[in-house]
Amino acid sequence: MNWAGLIKHYSEYLPVSEKTPELTLKEGNTPLVHFPNLSEQLGIELYGKVEGANPTGSFKDRGMVMAVAKAIEEGSNSVICASTGNTSASAAAYAAKAGICAIIVIPKGKVAMGKLAQAIMYGAEIVEIDGNFDDALKMVRELSKKTDVTLVNSVNPYRLEGQKTAAFEVCDQLGIAPDILAIPVGNAGNISAYWKGFKEYHELKQTGLPKIFGFEAEGAAAIVKNQVIEQPETIATAIRIGNPASWELAIAARDESNGAINSVTDKEIANAFKLLASKEGIFAEPGSCASIAGLIQQCEKGTIEKGSKVVAVLTGNGLKDPQTAIDQLDVNPVSLPNDEKAVMDYVESMVSQ
Ligand code: F0G
């Protein structure tokens, strides 16, 4: 199939018109991959929706293509966002393609290296603050009210419109909605977008509705604890958020779907991060792996029925955060002389084990 990009492909389901610019980096249409090894381990039928295959390496591209196209349609020439890294990379890329300015506000020292590299290369105006994502979001919400710059965080409704298309794809790829959708929760936009997408598709095509299982990082588990976390902390910097903007929508997704929102520890995230790469060949960033960590936890608790059809959303590419991967290494690589026999002897000892 010659994939036309998200806006064109899903135009009948999106708030677009002939006036909406044909902006695309060919986002969407990401693989749904069966995970036989983890399925066997957990006693379920598990698939991963590999959103790291999007053009800037995360699911944000689905929402950002819509938000930037609509900003241009409405006459804007600049966009602004707060970000833990992926939103800013995506905003910067689509602004570059559209020829407009992107201003990004990020928490100093808490954005993974690959994401920062992307923002630099796409030519965004980068502002670092000595605060966290929640502080940055508060600032850009105020700024966008007082100026003509368009806010492209997920409080912009076009973001959720674009992101809901991932739920359509899951239904088309499986032929039906899964029993359970497992998804990381940070600012809570994506969980809200998936639920909107599943409901809309079900209404049109009777695809069924999954239970939505959201997972926050334990050090940033505002929804689970039902309180704002002033100083959120987690190795999964993508979801280091203490006051999610779409809190109410996430609760609605949980309750309407008969699902749950739980938290996972950094240890559980790190374990899932390694397991997914080493057992299934998918390198997803730590924040993404909250979905896998959560499924392992819930299967152990017995809350997921054996044989359930489960889709885990893998929100971002592992290459965005190489440092956290390297930090997991507890043995150093074997260092050998530049000598064929020495290397051969080592390889033979490995294969004969
Ligand atoms: N996974 C990744 C890789 C993310 O980058 C984010 C959010 C989430 C999950 C959570 O999604 O916020 O819709 O609940 N990243 C935002 C950012 C906050 O700025 O890139 P959410």
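Small disclaimer: the values here were computed from a predicted structure and weren't measured.

The rules behind each value
- Counting restarts for each chain, with residues numbered from 1 along the sequence as it is written.
- Local features in this predicted model are restricted to residues whose pLDDT is 70 or higher, and side-chain atom pairs enter the listing and the counts only when it is 80 or higher, whereas totals over whole chains, interfaces and linings include all residues.
- Hydrogens and water are ignored here; the side-chain numbers use all heavy atoms of the structure.
- Helix and strand assignments follow DSSP, with helices taken as H or I runs no shorter than four residues and strands as E runs no shorter than two, numbered in order from the N terminus.
- Classification of residues uses two cut-offs on accessible area relative to the type maximum, computed with a 1.4 Å probe and protein chains only: under 20% is buried, over 50% is exposed, and between them is partly exposed.
- His residues and chain termini do not enter the charge count, which takes Lys and Arg as positive and Asp and Glu as negative.
- Whenever Lys or Arg places a side-chain nitrogen within 4 Å of a carboxyl oxygen from Asp or Glu, that contact is recorded as a salt bridge.
- Within 3.5 Å is the distance limit for a polar contact, defined as a pair of N or O atoms, with the added protein rule that one can donate a hydrogen and the other accept it, and that residues adjacent in sequence qualify only through two side-chain atoms.
- Two residues qualify as a contact provided that any one of their heavy atoms is within 4.5 Å of a heavy atom in the partner residue.
- By convention, a stacked pair of Phe, Tyr or Trp rings (six-membered ring in the case of Trp) has centres within 6.5 Å and planes under 30 degrees apart, an edge-to-face pair has planes over 60 apart, and any other such pair is tilted.
- UniProt positions are given in the numbering used here, feature names are shortened, and annotations may be inferred rather than shown by experiment.
- Strands are labelled as partners when DSSP assigns at least two bridges between them.
- One less than the number of residues in a helix, times 1.5 Å, gives the span that helix is expected to have.
- By convention in this text, a residue qualifies as near a molecule or strand provided that one of its non-hydrogen atoms is within 4 Å of it.
- Each accessible area is a Shrake-Rupley result for a 1.4 Å probe, and residues are judged covered by the shown protein chains and nothing else.
- Just so you know the grouping, Ala, Val, Leu, Ile, Met, Phe, Trp, Tyr, Cys and Pro go in nonpolar, Asp, Glu, Lys and Arg go in charged, and all remaining residues, Gly too, go in polar.
- Just so you know, the domain bounds were taken from an automatic or database domain assignment.
- Structural elements are reduced to axes, namely lines fitted to C-alpha atoms, with helices fitted over the stretch in contact, and the angle between N-to-C directions of any two is expressed from 0 to 180 degrees.

On to the side chain of Asp61, then. With respect to the secondary-structure elements, Asp61 resides in helix H3 (residues 60–73). No salt bridge is formed by the buried Asp61; its nearest oppositely charged neighbour, Lys320, is found at 7.1 Å. A polar contact of 2.7 Å, which involves the side chain of Asp61, links it to the backbone nitrogen of Thr56. In this structure Asp61 touches Glu27, Asn54, Pro55, Thr56, Ser90 and Tyr94, once residues within four positions along its chain are discounted.

What follows covers the packing of aromatic side chains. According to the stated counting rule, one finds 8 aromatic pairs in the structure shown. Plain terms: the ring middles of Tyr10 and Tyr13 are 6.3 Å apart, the flat faces sit at 55° to each other, and that makes the pair tilted. Judged by relative accessible area, Tyr10 falls into the buried class, the value being 4%. A relative accessible area of 17% places Tyr13 in the buried class. Centroid distance Tyr10 to Phe168: 5.7 Å. Interplanar angle 65°. Geometry classified as edge-to-face. Of this pair, Tyr10 sits in the loop between helix H1 (6–9) and strand E1 (32–34) while Phe168 is found in helix H8 (residues 165–174), placing the two residues 158 residues apart along the sequence. Members of the aromatic cluster, connected to one another through ring pairs, are Trp3, Tyr10, Tyr13, Phe168 and Tyr201.

Before going further, it helps to spend a moment on the UniProt feature "modified residue: N6-(pyridoxal phosphate)lysine" (unreviewed entry) in the chain. Per the UniProt annotation, the sites labelled "modified residue: N6-(pyridoxal phosphate)lysine" (unreviewed entry) are Lys60. Considering the arrangement of structural elements, one finds Lys60 in helix H3. Judged by relative accessible area, which is 16%, Lys60 ranks as buried. Setting aside residues up to four positions removed in sequence, Lys60 forms contacts with Asn86, Thr87, Ser90 and Arg159.

Strands belonging to one sheet form pairs held by backbone hydrogen bonds; the direction of such a pair is parallel or antiparallel. If you walk across this open sheet you meet the 4 strands as E5-E4-E3-E6, and the pairing is parallel. Every interior strand has two partners, whereas the edge strands, strand E5 (125–129) and strand E6 (150–151), have only one. In terms of strand pairing, strand E4 (residues 101–107) meets E5 through 5 bridges, oriented parallel. Paired with Ile104 across the bridge in E5 is Ile126.

A separate point is helix H13 (residues 290–301). With 12 residues, H13 should reach 16 Å at 1.5 Å per residue; the first-to-last C-alpha distance of 16 Å fits that figure. Most of H13 is tucked away: 10 of the 12 residues are buried. Three or more residues of H13 are buried, namely Ala290, Ser291, Ile292, Ala293, Gly294, Leu295, Ile296, Gln297, Gln298 and Cys299.

So, about the site of the ligand. Not every one of the 19 residues close to the ligand is listed here, only the nearest: Ser83, Thr87, Asn187, Ala188 and Thr315. Within the contact set of the ligand, an oxygen atom lies 2.7 Å away from a backbone nitrogen or oxygen of Asn187. Asn190 places a polar main-chain atom, nitrogen or oxygen, 2.8 Å from an oxygen atom of the ligand. Here the ligand, which alone exposes 470 Å², has 99% of that area covered by the protein. Listing elements by their share of the shell around the ligand, those giving two or more residues are helix H4 (86–98) and helix H9 (189–205). Here the shell around the ligand is composed, by residue class, of 6 nonpolar, 11 polar and 2 charged. Mapped onto the domain boundaries, the shell around the ligand takes at least three residues apiece from domain 1 (6–58 + 157–328) and domain 2 (59–151).

What follows is about the sheet that holds E1. Overall, mixed pairing links the 6 strands, which are arranged E1-E2-E10-E7-E8-E9 in an open sheet. Edge positions in the sheet fall to E1 and strand E9 (260–264), since each of these pairs with one other strand and no more. Taking the axes of each pair of neighbouring strands and ignoring which way they run, one obtains an average angle of 25° across the sheet. Both strand E8 (residues 211–217) and E9 contribute to a ladder of 5 bridges, which runs parallel. Bridging from a neighbouring strand, Ala217 pairs with Val264 of E9.

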